[in-house]
Amino acid sequence: WAQLFGQGIVTTLGDFGSIGAIPSNPALLDWLANYFKQDLNWNVKALLKSMVLSASYRQSAQASADKTAQDPHNTYLARGPYQRLSAEMVRDQALLAAGLLSNKQGGPSVMPPQPPGVWNTVYNKHKWVDATGEDRFRRALYTYNKRTSPYPSYILFDDTGHIVSAEQRFVTNTPLQALVTLNDVVYHEAAQSLGKILYQTANQQDFSAAVKRGYLRVLSRYPSAAEQQILLATFNKTLDENPDEERVSAWSLIASILLNLDASLKR
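Residues numbered from 1 in each chain as written. Predicted model: local features only at pLDDT ≥ 70, side-chain atom pairs only at ≥ 80, totals over all residues. Heavy atoms only, no water.

A. Broad picture of the overall build of the protein chain. Scanning the protein chain from N- to C-terminus turns up twelve helices and zero strands. The burial tally for the protein chain puts 37% of its 267 residues in the buried class. Residue pairs in contact within the protein chain that sit at least 24 positions apart in sequence constitute 58% of those at least 6 positions apart. Summing over all exposed atoms, the protein chain offers an accessible surface of approximately 16,100 Å²; the carbon and sulfur share of this is 55%. When the 26 positive and 23 negative side-chain charges of the protein chain are each reduced to one mean point, those points stand 6 Å apart. (Helix = DSSP H or I, 4+ residues; strand = E, 2+ residues; numbered from the N terminus. Buried < 20%, exposed > 50% of the residue type's maximum accessible area, 1.4 Å probe, protein only. Contact = heavy atoms within 4.5 Å. Areas by Shrake-Rupley, 256 points an atom, 1.4 Å probe, with all protein chains shown as cover. Lys, Arg positive; Asp, Glu negative; His and termini not counted. Charge placed at Lys NZ, Arg CZ, Asp CG, Glu CD.)

B. Representation of the packing of helix α10 (residues 207-219) against helix α12 (residues 247-259). At a minimum axis distance of 10 Å, the contact between α10 and α12 shows a crossing angle of 35°. α12 is crossed by α10, and the crossing has right-handed handedness. Two secondary-structure elements touch here, α10 through F207, A210, V211, G214, Y215 and V218 and α12 through W251, L258 and L259. Its residues assigned to classes, the contact of α10 with α12 comprises eight nonpolar, one polar and no charged. (Axes fitted to C-alpha atoms, helices over the stretch in contact; angles between N-to-C directions. Left-handed = near helix turned anticlockwise from the far one by under 90°. Nonpolar A, V, L, I, M, F, W, Y, C, P; charged D, E, K, R; others polar.)

C. Highlighting the packing of aromatic side chains. Taken as a whole, this structure holds twelve aromatic pairs when the rule is applied. Taken together, a centroid distance of 5.1 Å and an interplanar angle of 35° make the contact between F207 and W251 tilted. Separated by 44 residues along the polypeptide, F207 in helix α10 and W251 in helix α12 bring together distant segments of the chain. Note on accessibility: F207 and W251 belong to one class, buried. With centroids separated by 4.9 Å and ring planes inclined at 45°, the aromatic side chains of F235 and W251 adopt a geometry described as tilted. With F235 in helix α11 (residues 225-241) and W251 in helix α12, this pair connects stretches of sequence that are 16 residues apart. Its relative accessible area of 2% is what places F235 among the buried residues. Residue W251 is classed as buried on the basis of its relative accessible area of 2%. In textbook terms, an aromatic cluster arises when at least three aromatic residues are bridged by ring pairs, as seen for W119, W128, Y144, Y151 and Y154. (Phe/Tyr/Trp six-rings, centres within 6.5 Å; stacked < 30°, edge-to-face > 60°.)

D. Fine view of unusual backbone geometry. Of note in the backbone geometry, N74 takes a positive phi value of approximately 55° without being a glycine. Judged by its relative accessible area of 10%, N74 is buried. A positive phi angle, near 75°, is found at D158, a position not held by glycine. Summarising the element assignment, D158 is placed in the loop between α7 (152-156) and α8 (175-183).

E. The arrangement of the side chain of S264 in detail. Its location among the elements puts S264 in the segment after α12. Note on S264: relative accessible area 5%, which makes it buried. Only 2.5 Å separates the side chain of S264 from the backbone oxygen of L258, close enough to count as a polar contact. Excluding residues within four positions of it along the chain, S264 makes contact with L85, Q93, V218, L219, L258 and L259. (Polar contact = N/O pair within 3.5 Å; in protein donor to acceptor, adjacent residues only side chain to side chain.)

F. Fine view of the pattern of salt bridges. Tallying each qualifying case throughout the model produces eight salt bridges. A salt bridge links D92 to R91; its shortest N-O distance comes to 3.2 Å. An identical accessibility class is assigned to D92 and R91; each is buried. In the salt-bridge network here, residues are joined through shared partners; they are E88, D159 and R169. (Salt bridge = Lys/Arg side-chain N within 4 Å of Asp/Glu carboxyl O.)

G. Seen up close, the packing of α10 against α11. Two numbers describe how α10 lies on α11: the axes approach to 11 Å, and their chain directions differ by 115°. Classified by the angle between their axes, α10 and α11 sit roughly perpendicular to one another. The element α10 and its partner α11 pack so that their crossing is right-handed. Mapping the contact onto sequence places F207, S208, V211, K212 and Y215 in α10 and E227, Q228, L231, L232 and F235 in α11. Class assignment for the residues of the contact of α10 with α11 results in six nonpolar, two polar and two charged. (Parallel < 35°, antiparallel > 145°, perpendicular 65-115°, else oblique.)

Here is the structure:
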């Protein structure tokens, strides 16, 4: 429940005891426990399916001022959940939208690109060697993890580093996160790949079609007229300031903008 809605029915996930928080909806907690055991026979997948298909989860994340005032932290689910993707999801979402994410399953861990020098420590004789080919774009699940030197971009997006067991992650919002999605090699390559897709679409159709395709790939919706105008102005300004710049580079900039929208990092 906490993973889907952003907070648990009991907010202190690590303490269900007498000093933990009181359930926000005891009746719901009891019903879910009984439903999970009796009806679903401990089937976690079926439980998750029932939650995401519920009216509470499917309602809009937007709320009126009155509802926000009555339930500012959405404890009683006056609106749908709106939370940032987890560290692993942020990376995988960018690669998926760019058409780079590998569907390969199983096998050993891989070393996707990370800033140079991170492993230059006195107690570490091994070297981080950036993966090539399909391994470079494998799902975050397969990223090589060293507890004394966790993958940097995951840490900046609140991964615990797997140093100790943690029942929940505490979400932060820092400028370093924007620096990652704007400059990290992984996101730079994703922007370039998505930019080529948009460039080809614009050549075959027009600017509007390319922007719509980008929005569908990244946000699963079409852009508004105002959003299209902003991107068109940015695109033209980029070409005006850099006449020798290839149009594919300008499209890569548009792709980077899309991947860095607040809505692109939320669900």
